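The chain contents come next:
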Amino acid sequence: MESEASTGVAEAEEHDPESNSLEQPLLKRSPTLSSNPLALVGAKVSHIESLDYEINENDLFKHDWRSRSKVQVLQYVFLKWTLAFLVGLLTGGIASLINLAIENIAGLKLMVVTELVDKGKYLTGFAYFAGVNLVLTAVGAVLCVVFAPTAAGPGIPEIKAYLNGVDTPNMFGASTLIVKIIGSIGAVSAGLDLGKEGPLVHIGTCIASLLGNGGTEEYRIKWKWLRYFNNDRDRRDLITCGSASGVCAAFRAPVGGVLFALEEVATWWRSALLWRTFFSTAVVVVVLRAFMEFCNSGRCGLFGKGGLILFDVSDVTVSYHAMDLLPVVVIGIIGGVLGGLYNYVLHKVLRLYNLINERGRIHKLLLALSVSLFTSVCLYSLPFVASCYPCDPSLPDDTCPTTGRTGNFKQFNCPPGYYNDLASLLHSTSDDAVRNIFSTSTPTEFHPLSLLIFFVLYCVLGLITFGIAVPSGLFLPIILMGSAYGRLLGLAMSHYTNIDQGLYAVLGAASLMAGSMRMTVSLCVIFLELTNNLLLLPITMIVLLISKTVGDIFNPSIYEIILHLKGLPFLEAHAEPWMRNLSVRELAAAKPSVVTLRGVEKVARVVEVLQNTTHNGFPVVDEGVVPPVGLPMGATELHGLVLRSHMIAVLRKKWFLQEKRRTEEWEVREWFTSVDLAERGKKIEQVEVTEEEMEMYVDLHPFTNTTPHTVVESMSVAKAVVLFRQVGLRHLLIVPKYQAAGMSPVTGILTRQDLRAHNILAAFPHLAKSKRREKGKMNQ
């Protein structure tokens, strides 16, 4: 019974829900159980509904399932695998084009700047560097602000919410996809401290959604085969394949992509879905490999070794002893502490940015351009602070200083035979910067002061860049920050350890990612596929486990924080302990009375209910039915649950009866199919019903889900939360423990909003006090 009180809507229109101080939630909610289902999606406060992941077993669905031939079943299976293949193919192709564009645009920009600096034209070099960065940032920001606000940010929190069962409006549209692609190219090429990894995950899910829908809402391909995917359940599986393909495209890590989808974004999983996601990521890897083979011949401009990060250390012998475990543990602890601190500060920055962004489009654009200008100043000027170091005479003459874009020995503002180590990190593309700082067998190339400057700079840039109106990912900033302090620790421990400094950088990056994002298994496999060295596996596992454990002490993961800020009703895997002290009967009593309908209802009654409520599900109750043998006459039957969208579909087709009667199965099949009921988004205001039609009847039995999930009213809320999330429900009916004559067979309905801890505590303040007491006892 997802409800949105009319007064709440009026208040939301009169008072901007975002206009509050930094210490208040971004969305103000009414202190009742039936809180307004509002969330920040993109730049707007949107009405949020749940998705129908549960199979709706009404008469039409049963007939459709029974009447499917073997050929149609094979078509359905074939289509699922075909779409999984297309998701991998298109995601890999688009990722290749994004990498190609970034490497060429950023590479050309850096080459021109290097030439200007070599000629002593410092101001001209800065003007060119900052100007190009401003233009590239403006392209991404204008597209996001004007055409697709939902394309800003990484998109991963919204994907998590969608796969959890929350319909996030406009998140997977064609405009979002196009802006995400162009905006990612502009933002990353501009040198902003953000990555393309998060946007690639969003791009993969957009592709999957568009394929499943047959195109956009305005221009859809209505092939007969595609009707099988006209439901939320199959679309969810396809979007899961898209998220795995996006991670695979970012890191060339097929198994890591599958595990990322399993561990981080997907709420519901099964073995068949595992095979399809793995198939999609395998296709992505094949496409990326073919693309790199093609570019190795020099036909891709400046794209050479850059792009598509792969830190291959398979030829590096990794040997470590008991003493080496101490710095590994230290890296894990530092990663957890810094990850928790990073999440805390970023939380505050996002609140501040929200106050700026709510002032309008111009302020969003100015904020993005200001961050771009500050970034350009730092990246251009700081290498002048670093010292020049002489090249190692043992190196080949063409190695130091580096000729071209890649390498650790940039001559930036240094005399011949000398190099600037900080320039090799700051004046290179993001993938090259990672490759440089990860480089092995380079114990003296990077100096402590340069690494410290690099670490502090990227900490600041990472905090102020995430949240501006451009597509952005968190992976790359965290990798760069973590690798910097990992390499610093490697320098400090160089006399006491056998582990290479480049491997310390890898461990540092892994620790900070686990400390901030709280991923373990998928992250371990991603780094294993990046390094291509199994010998690193044990110490990587230790670092990840320690970092996540330490980080969990301080705060949730960064994605959970963003979900909370946006107000997306995400249901966690585990219920709060205090929820066991509350029954679903008590929870239902805090809500308005349940609205029920009869199996054969007057059209006027149906229209009245739809116009005066915002519930999306209604119990269908028949009174005075002939019961089975052994029951008293005149029994009351709970026939099932009918959805709002199905009733609107009936009203739009005007399937009305002159007299009050139940229809035959063949009658409804002449007017409807199960595909007709899958359409969503229609509103009762769009339906016109005449006064004569109001006096007619409609039979709701054929459209009613006769197998809704029910729970006894004595069940604890904690158990209901676990059931709701694991089964992927939208509605959960509450039935009485004792049945008496004249008593309704259903006492209430629970939905996602009702089971959120925040809403329950608002309706039952005494539980909040007991929660605080429990925390106090644990801390003693």
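For the protein chain, the name recorded in an unreviewed UniProt entry is CBS domain-containing protein, with Aristolochia fimbriata as its organism. As its UniProt record puts it under Subcellular location (unreviewed entry), the protein chain is described as follows: "Membrane". The Sequence similarities (unreviewed entry) comment attached to the protein chain in UniProt states, word for word, "Belongs to the chloride channel (TC 2.A.49) family."

Draft legend 1. Looking closely at the overall build of the protein chain. The helix and strand tally for the protein chain stands at 28 helices and 13 strands. Sequence-distant contacts in the protein chain: of pairs separated by 6 or more residues, those separated by 24 or more amount to 78%. Summed over all atoms, the accessible surface of the protein chain reaches about 32,700 Å², with 61% contributed by carbon and sulfur.

Draft legend 2. Geometry of the sheet that holds strand β11 (residues 710-712). Taken together, 3 strands build an open sheet; the order of strands is β11-β12-β13 and the sheet is mixed. At either end of the open sheet lies a strand with only one pairing partner, and these are β11 and β13 (748-750). The sheet shows a mean angle of 35° between the axes of neighbouring strands, taken without regard to direction.

Draft legend 3. The arrangement of the state of the cysteines in detail. What the rule picks out here adds up to 2 disulfides. Shown here is the disulfide that connects C295 with C300, its sulfur atoms set 2.0 Å apart. Residues C295 and C300 are joined by a disulfide whose S-S torsion is about -75°; by sign, that bridge is left-handed. Assigned by exposure class, C295 and C300 land together as buried. The disulfide partner of C388 is C414, and the gap between their sulfur atoms is 2.0 Å.

Draft legend 4. Structural detail: the packing of aromatic side chains. In total, this model carries 17 aromatic pairs according to the counting rule given. Summarising the aromatic geometry, the rings of F455 and Y485 are spaced 6.0 Å apart at their centres and angled 85° between planes, so their arrangement reads as edge-to-face. One end of the pair, F455, is in helix α15 (residues 448-465); the other, Y485, is in helix α16 (residues 475-492), and 30 residues separate them in sequence. Across this residue pair, the class does not change: F455 and Y485 are buried. Between F672 and F703 the ring centres are 5.1 Å apart and the planes differ by 80°, which places this aromatic pair in the edge-to-face class.

Draft legend 5. The arrangement of the pairing of strand β1 (residues 38-41) in detail. Residues L38 and L40 of β1 are buried on one face, and the alternating residues A39 and V41, pointing to the opposite face, are buried as well. Bridge count for β1 against strand β2 (residues 44-47) is 4 bridges, and the pairing is antiparallel. Of the residues in β2, the one forming a bridge with L38 is H47. Between the end of β1 and the start of β2, which pair antiparallel, lie 2 residues, with G42 showing a positive phi angle near 70°.

Draft legend 6. Inspection of a nonpolar patch on the surface at higher detail. Where nonpolar side chains cluster on the molecular surface, the patch consists of L325, V329, I333, V337, I542, I553 and F554 and spans about 580 Å² of accessible area. With 4 residues, helix α11 (residues 325-357) is the largest single contributor of residues to the nonpolar patch. For V337, the location among the structural elements is in helix α11. On the basis of relative accessibility, which here comes to 38%, the residue V337 falls in the partly exposed class.

Draft legend 7. Looking closely at the pattern of salt bridges. Tallied over the entire structure, the rule returns 19 salt bridges. K196 serves as the salt-bridge partner of D431, at 3.1 Å between the closest nitrogen and oxygen. Placement of the pair is D431 in helix α14 (residues 430-438) and K196 in the loop between α6 (174-189) and α7 (197-213), with a sequence separation of 235 residues. Residue D431 shares its accessibility class with K196, and that shared class is buried. Two residues, K548 and D552, come together in a salt bridge whose shortest N-O distance is 2.7 Å. Taken together, the residues span about one helical turn, with K548 and D552 both in helix α19 (residues 537-554) at a distance of 4 residues. We classify K548 as partly exposed; its relative accessible area is 25%. For D552, a relative accessible area of 39% gives the class partly exposed. One connected set of salt bridges, linked through shared partners, spans R236, D237, R270 and R276.

Draft legend 8. Quick look at helix α22 (residues 603-612). For α22, the set of buried residues is V603, V606, V607, V609 and L610. Angular distribution of buried residues about the axis of α22 spans 165°; they occupy a single face of the element. Exposed and facing more than 90 degrees away from the buried side of α22 are Q611 and N612.

Draft legend 9. Just the nonpolar core, in detail. Core analysis: the biggest nonpolar cluster contains 128 residues, and F251, F454, L474, F475 and M517 have the highest contact counts within it. If you tally residues by element for this core, the top one is helix α3 (residues 70-118), at 11 residues. Other than its neighbours up to four places away in sequence, M517 contacts E264, L474, F475, I478, S557, I558 and Y559. V606, V607, V609 and M696 belong to the second-largest nonpolar core, a separate cluster that totals 27 residues.

Draft legend 10. Spotlight on the side chain of T375. Positionally, T375 belongs in helix α12 (residues 361-385). Judged by its relative accessible area of 1%, T375 falls in the buried class. The residues touching T375, leaving out its near neighbours within four places in the chain, are G191, L192 and L461.

Draft legend 11. Seen up close, unusual backbone geometry. For N170, which is not a glycine, the phi torsion comes out positive at approximately 60°. Relative to the elements of secondary structure, N170 occurs in the loop between β4 (166-167) and α6. A residue is classified by how much of its surface remains accessible, and N170, at 62% relative accessible area, is exposed. The backbone of K654 sits at a positive phi, close to 55°, despite the residue not being glycine. On the basis of relative accessibility, which here comes to 34%, the residue K654 falls in the partly exposed class.

Cut-off values and rules
Residues numbered from 1 in each chain as written. Predicted model: local features only at pLDDT ≥ 70, side-chain atom pairs only at ≥ 80, totals over all residues. Heavy atoms only, no water. UniProt positions renumbered as here; feature names shortened; annotations may be inferred. Helix = DSSP H or I, 4+ residues; strand = E, 2+ residues; numbered from the N terminus. Contact = heavy atoms within 4.5 Å. Areas by Shrake-Rupley, 256 points an atom, 1.4 Å probe, with all protein chains shown as cover. Pairing = 2+ DSSP bridges. Axes fitted to C-alpha atoms, helices over the stretch in contact; angles between N-to-C directions. Disulfide = S-S within 2.5 Å. Buried < 20%, exposed > 50% of the residue type's maximum accessible area, 1.4 Å probe, protein only. Phe/Tyr/Trp six-rings, centres within 6.5 Å; stacked < 30°, edge-to-face > 60°. Patch = residues over 30% accessible without salt bridge, like charges linked within 9 Å, V, L, I, M, F, W, Y side chains within 5 Å. Salt bridge = Lys/Arg side-chain N within 4 Å of Asp/Glu carboxyl O. Arc of directions from axis to C-beta. Core = buried A, V, L, I, M, F, W, Y, C linked by side-chain atoms within 4.5 Å.

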